[in-house]
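In case you want the letters, here they are:
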Amino acid sequence: MPMRPLLIPALCLAALTAACDGESVRISSTRTEDNDAKGALKVVQTLQCPQTMGSLTRKGSATAGGSVCTYAGPRGAEVSLHIVKLDGVTPAAALEAFEDRLSTAMPQTVAQLTAAAEQDAAGAAGATETPAAGDRASIKGPGVDIQTEGDDATVSLPGLHIESRGDQASVRIGGFHIDASDGDGAVNIEGSASGSGEGDSVSVQANQDAAEIRTSAGGEATRASWILTDNRPSEAGWRLVGYEARGPAGGPLVVATVRSRDRERGGVFEDAKELVTLNVGE
């Protein structure tokens, strides 16, 4: 039965370990948190742009009436700091425009993750096919229900439910739902620690060398980040693009965009976050 090799990477991911390489992974979760503890975010009219911030060095002076500052980092990394007035536009729409522009620097990464998502959807549709008949087994007891037929199985235990159909498996553990496909090496994890779908959230989609990571905080204020990363460099050498964005309800937002030739999110990205914190707060 192919269920075991599917569940090993799935449960590995559920435990948030880093030992599962070479898989296609999507993770999303949500938790509720009191963001008032982080303090009120400031309403910014003009950017504060120090000459240096960590590994970053400012290039020239602020432009566009003090609403844009540009920094250079190690190995040609580029950071831009922006004030974004919402003017009736939602924060999500304003940030989507940044994602669209930054994604053009890494088209092969976008194409790979899009193809993986489409393959996941096709695999999920195939999992609904009627299984072929085969050997059957049944085990029942207090809180235990195990049914098998050929390569298919259903396992129900307290807090755990597993369904396997050929090379497809579905696992529910607490508030998390894991879908795995042995055929294409894909694992998707979705869930809510709070069970309400509200609060702080994180979403991760990964396939081989590429990954997209998105975070957002609950509440009316905007606290969001987005990263697209790949071990394989683009034609221009970029391995990571992304942004850190914060702003009070109604805006404006302060957004730091990053383009880096290093895949690790530390260093340049952390310095970009410090620029945002300097301007608008935590």
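**Here we look at the overall build of the chain**
Argument step 1. When helices and strands are tallied, the chain shows 4 helices and 17 strands.
Argument step 2. Going through the 282 residues of the chain one by one, you find that 41% of them count as buried.
Argument step 3. Taking as baseline every contact in the chain between residues at least 6 positions apart, the subset at least 24 positions apart corresponds to 54%.
Argument step 4. About 14,100 Å² of surface is accessible on the chain, with carbon and sulfur atoms providing 52% of the total.

**What to know about the state of the cysteines**
Argument step 1. Applying the stated criterion to the full structure yields 1 disulfide.
Argument step 2. Between Cys49 and Cys69 runs a disulfide, and the two sulfur atoms are separated by 1.7 Å. Judged by the sign of its S-S torsion, about 85°, the bond between Cys49 and Cys69 is right-handed. Taken together, the residues span a long stretch of sequence, with Cys49 in the loop between β1 (24-31) and β2 (52-53) and Cys69 in strand β4 (residues 68-72) at a distance of 20 residues. Side by side, Cys49 and Cys69 carry an identical accessibility label, which is buried.

**Remarks on the nonpolar core**
Argument step 1. If you look at the biggest cluster of nonpolar residues, it comprises 23 residues, and the most contacted ones within it are Leu47, Tyr71, Val79, Leu81, Val254, Val258 and Leu275.
Argument step 2. Looking at this core, the elements with two or more residues in it are β4, β5 (78-84), β17 (253-260) and α4 (268-280).
Argument step 3. With 6 residues, the top contributor of residues to this core is α4.
Argument step 4. With residues near it in sequence (within four places) discarded, Val79 still touches Leu56, Cys69, Thr70, Tyr71, Thr257, Val258, Val268, Ala272 and Leu275.

**Comments concerning the packing of aromatic side chains**
Argument step 1. What the rule picks out here adds up to 1 aromatic pair.
Argument step 2. Over the face of the ring belonging to Phe98 we find Arg101, whose NZ or CZ atom lies 4.7 Å from the ring centre.
Argument step 3. A cation over an aromatic ring shows up here: Arg261 above the ring of Trp238, its NZ or CZ 4.1 Å from the ring centre.

**Remarks on unusual backbone geometry**
Argument step 1. In this model, Gly251 is joined to Pro252 through a cis peptide bond whose omega is -5°.
Argument step 2. Structurally, Pro252 can be placed in the loop between β16 (240-247) and β17.
Argument step 3. Phi is positive for Arg75, which is not a glycine, with a value near 55°.
Argument step 4. Within the chain, Asp87 stands out as a residue other than glycine whose phi angle is a positive 45°.

**Notes on the pattern of salt bridges**
Argument step 1. As enumerated under the stated definition, the model contains 7 salt bridges in all.
Argument step 2. The salt bridge partner of Glu99 is Arg214, with a shortest N-O separation of 2.5 Å. Of this pair, Glu99 sits in helix α2 (residues 91-103) while Arg214 is found in strand β14 (residues 210-216), placing the two residues 115 residues apart along the sequence.
Argument step 3. Glu244 is the partner of Arg246 in a salt bridge, and the nearest nitrogen-oxygen pair spans 3.2 Å. Exposure class is identical for Arg246 and Glu244. Each is buried.

**With respect to α2**
Since the α-helix packs 3.6 residues into each turn, any two residues three or four apart lie on the same face.
Argument step 1. End to end, α2 covers 18 Å across 13 residues, agreeing with the expected 18 Å (1.5 Å per residue, within 8%).
Argument step 2. Among the residues of α2, those classed as buried are Ala94, Leu95, Phe98, Glu99, Leu102 and Ser103.

**Some thoughts on the pairing of β14**
Argument step 1. Of the strand pairs in this sheet, strand β13 (residues 200-207) and β14 are connected by 7 bridges, and their pairing is antiparallel. From the neighbouring strand, Val202 faces β14, where its bridge partner is Thr215.
Argument step 2. Remark: 2 residues form the turn of the hairpin made by β13 and β14, two consecutive strands paired antiparallel; Gln208 in that turn has positive phi of roughly 55°.
Argument step 3. With 7 bridges connecting them, β14 and strand β15 (residues 222-230) associate as antiparallel partners.

Scoring rules and cut-offs
- Residues numbered from 1 in each chain as written.
- Predicted model: local features only at pLDDT ≥ 70, side-chain atom pairs only at ≥ 80, totals over all residues.
- Heavy atoms only, no water.
- Helix = DSSP H or I, 4+ residues; strand = E, 2+ residues; numbered from the N terminus.
- Buried < 20%, exposed > 50% of the residue type's maximum accessible area, 1.4 Å probe, protein only.
- Contact = heavy atoms within 4.5 Å.
- Areas by Shrake-Rupley, 256 points an atom, 1.4 Å probe, with all protein chains shown as cover.
- Disulfide = S-S within 2.5 Å.
- Core = buried A, V, L, I, M, F, W, Y, C linked by side-chain atoms within 4.5 Å.
- Phe/Tyr/Trp six-rings, centres within 6.5 Å; stacked < 30°, edge-to-face > 60°.
- Lys NZ or Arg CZ within 6 Å of the ring centre and 35° of its normal.
- Salt bridge = Lys/Arg side-chain N within 4 Å of Asp/Glu carboxyl O.
- Expected span 1.5 Å × (residues − 1).
- Pairing = 2+ DSSP bridges.

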